[in-house]
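# Residue-level structure breakdown
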Amino acid sequence: MISMENIDWSEYWINTYSQANKVDKPRDYDPNFWDKFSEKYAKYVLNNEKATFQINENVKRFTKIFNLDKNTTILEIGPGPGTYTIPLAKIVKKITVVEPAEGMAKILLKRAKEENLDNIAIIPKRWDDVELNKDFEKHDLVFSSYSLIVDDMGESLLKMNESKNKYCGILTSADFPVHKDIYCKIGDLLNIKNSKKAKLSLSHILLLNILDQYGIPANVNVYEGQFYQYFESIDEAFSKYITDYDRTRDLKLSENQKDSVKELLSKILTKNEDRWEYNMDSKEALIWW
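Nothing here was measured: the structure is a model prediction, and the numbers come from that model. (Residues numbered from 1 in each chain as written. Predicted model: local features only at pLDDT ≥ 70, side-chain atom pairs only at ≥ 80, totals over all residues. Heavy atoms only, no water.)

### Considerations on the overall build of the protein
Note the cut-off: Helix and strand definitions here come from DSSP, where helices need a minimum of 4 consecutive H or I residues and strands a minimum of 2 consecutive E residues; each element is numbered from the N-terminal end. By the convention used here, residues are in contact when the closest approach between their heavy atoms is within 4.5 Å. Accessibility throughout is a Shrake-Rupley quantity obtained with a 1.4 Å probe, and a residue counts as covered only by protein chains that appear here.
Counting secondary structure elements, the protein contains ten helices and eight strands. Put simply, 76% of the contacts in the protein that link residues at least 6 apart link residues at least 24 apart. For the protein, the exposed surface amounts to about 14,800 Å²; the carbon and sulfur share of it is 48%.

Structural data, given as structure tokens:
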């Protein structure tokens, strides 16, 4: 029996999670993929009433936990279309974001302009590639929300810790991915190699273990909520899920396979008036120190 004390949690993450992200063709490591995917991603995240409510609730929590005010500076890793950047920028002095995907950065800047915000700066690089005191200075809060797609989690967490003046915060899943069942069923239907990778998630417990290994005591708050997503049509749902699979491999589906996936989705999603909905209980964790 292996003693838990002898496990190198950083190495375990590399072997378990990093390899899971590199199956076949690792497109989600490539900013060019996210350039093409940015508009669709923004649509699903930003045009979602229940998600907006959850985001606003989290911003209230962040404000209290991290003592955010007009003197606070934030360094955000992987902001995407500005899911948290925009509401946080209305509260703090300045936000510097590390975002390598030009498509995401354009959407973020467009939204900032619409909100008359001029306190957001963008570093067009991956978190793996930036350096403290070269690309940025220390910030009061270093923050990431579901965006630590990195080569070495241990090094990334240490970099976050070194880059803070006061706090670090990571918002991530406290459960299996919300779309796990759908991806697994599609994978089984199409006989896609390693479709079970959908069972993996960025485990908050593993992140806590890595931090503890480096002598960084951290807190964790787990919040229960509802995950909700809607689609205007089954074709739109098909496009979303197949695009997600296409992040890691080339999919060349026959018309019969496409029809089979759409039929499967029509059985999983719920028809509600003029839209198809996917709704389930979810948990997310805020790790902070």
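On we go from here.
### A short note on the environment of Glu11
Short version of the rule: Burial classes follow relative accessibility: with a 1.4 Å probe on protein chains only, a residue under 20% of its type's maximum area counts as buried, one over 50% as exposed, and anything between as partly exposed.
The topology assignment puts Glu11 in helix α1 (residues 9–20). When its relative accessible area of 38% is taken as the criterion, Glu11 is described as partly exposed. Once the C-alpha coordinates of Glu11 and Ile210 are considered, the two residues, 199 residues apart in sequence, prove to be 9.3 Å apart.

### Looking at unusual backbone geometry
What is expected of a backbone is that most residues other than glycine have negative phi and most peptide bonds are trans. Even without being glycine, Asn116 reaches a positive phi, approximately 60°. Mapped onto the elements, Asn116 comes out in the loop between α5 (102–114) and β3 (120–123). By relative accessible area, Asn116 is classed as exposed at 71%. Located in the positive-phi region is Asn133, a residue other than glycine, with phi close to 70°. Looking at the element boundaries, Asn133 is found in the loop between β3 and β4 (139–145).

### Looking at the pattern of salt bridges
Filter applied, for reference: The salt bridge criterion pairs a side-chain nitrogen of Lys or Arg with a carboxyl oxygen of Asp or Glu, the two atoms within 4 Å.
All chains considered together, the criterion is met by ten salt bridges. Between Glu115 and Lys90 there is a salt bridge; the shortest N-O distance is 3.2 Å. Here Glu115 is found in the loop between α5 and β3, whereas its partner Lys90 is found in the loop between α4 (85–89) and β2 (94–98), with 25 residues between them in sequence. Take Lys90: its relative accessible area is 43%, and that puts it in the partly exposed class. Connected through salt bridges with shared partners, the residues Arg126, Asp128 and Asp151 form a single ionic network.

### Let's talk about the pairing of strand β8 (residues 275–288)
In plain terms, the rule: Note on pairing: two strands pair once DSSP finds at least 2 bridges between them.
Counting buried positions over the 14 residues of β8 gives ten, a clear majority of the element. Relative to β8, strand β5 (residues 164–173) runs antiparallel, the two being bridged by five bridges. Bridging across to β8, Ile170 finds its partner in Ile287. Taken together, the 13 bridges between strand β6 (residues 219–231) and β8 define a ladder with antiparallel strand orientation. Bridge pairing in β8 links Val220 to Ile287. Bridge count for strand β7 (residues 270–272) against β8 is three bridges, and the pairing is antiparallel. Paired with Asn272 across the bridge in β8 is Arg275. Counted along the chain from β7 to the antiparallel partner β8, the turn is two residues long, and its residue Glu273 has a positive phi close to 55°.

### Notes on the packing of helix α7 (residues 180–190) against helix α10 (residues 255–268)
Test applied: Axis lines are fitted to C-alpha atoms, over the contacting stretch for helices. Their N-to-C directions set the angle, which ranges from 0 to 180 degrees. Each helix crossing is assigned a hand: it is left-handed if the near helix lies turned anticlockwise from the far helix by less than a right angle, otherwise right-handed if that turn is clockwise. Three classes are used: nonpolar for Ala, Val, Leu, Ile, Met, Phe, Trp, Tyr, Cys and Pro, charged for Asp, Glu, Lys and Arg, and polar for all others, with Gly counted as polar.
Orientation of α7 relative to α10, taken along the N-to-C sense of each, is 150°, at an axis distance of 10 Å. Here α7 runs over α10; the crossing is right-handed. In this structure, α7 contributes Ile182, Lys185, Ile186, Leu189 and Leu190 to the contact, and α10 contributes Gln257, Ser260, Val261, Leu264, Leu265 and Ile268. A per-class count over the contact of α7 with α10 returns eight nonpolar, two polar and one charged.

### A few points about the packing of aromatic side chains
Think of a pair of aromatic rings as described by two things: how far the centres are apart, and how the planes are tilted against each other in angle. Our working definition: Stacked, edge-to-face and tilted labels apply to pairs of Phe, Tyr and Trp rings (six-membered ring for Trp) whose centres lie within 6.5 Å, assigned for plane angles under 30 degrees, over 60, and everything in between, in that order. Two limits define a charge over a ring: the Lys NZ or Arg CZ must be within 6 Å of the ring centre, and within 35 degrees of the ring normal.
All told, the structure shown has ten aromatic pairs when counted by the stated rule. When the ring of Phe62 is compared with that of Phe66, the centres are 6.2 Å apart and the planes differ by 40°; the resulting orientation is tilted. With relative accessibility at 1%, the residue Phe62 sits in the buried group. Ring geometry for Tyr84 versus Phe143: centroids 5.9 Å apart, planes at 80°, classification edge-to-face. One end of the pair, Tyr84, is in the loop between β1 (73–77) and α4; the other, Phe143, is in strand β4, and 59 residues separate them in sequence. Of the two residues, Tyr84 and Phe143, both sit in the buried class. Three or more aromatic residues joined by ring pairs form one cluster here, namely Phe62, Phe66, Tyr84, Phe143, Tyr167 and Trp288. Looking at Lys262, its charged tip hangs above the ring of Phe238, at a distance of 5.2 Å from the centre. One cation-aromatic arrangement involves Arg275 over Tyr230; the distance from NZ or CZ to the ring centre is 3.8 Å.

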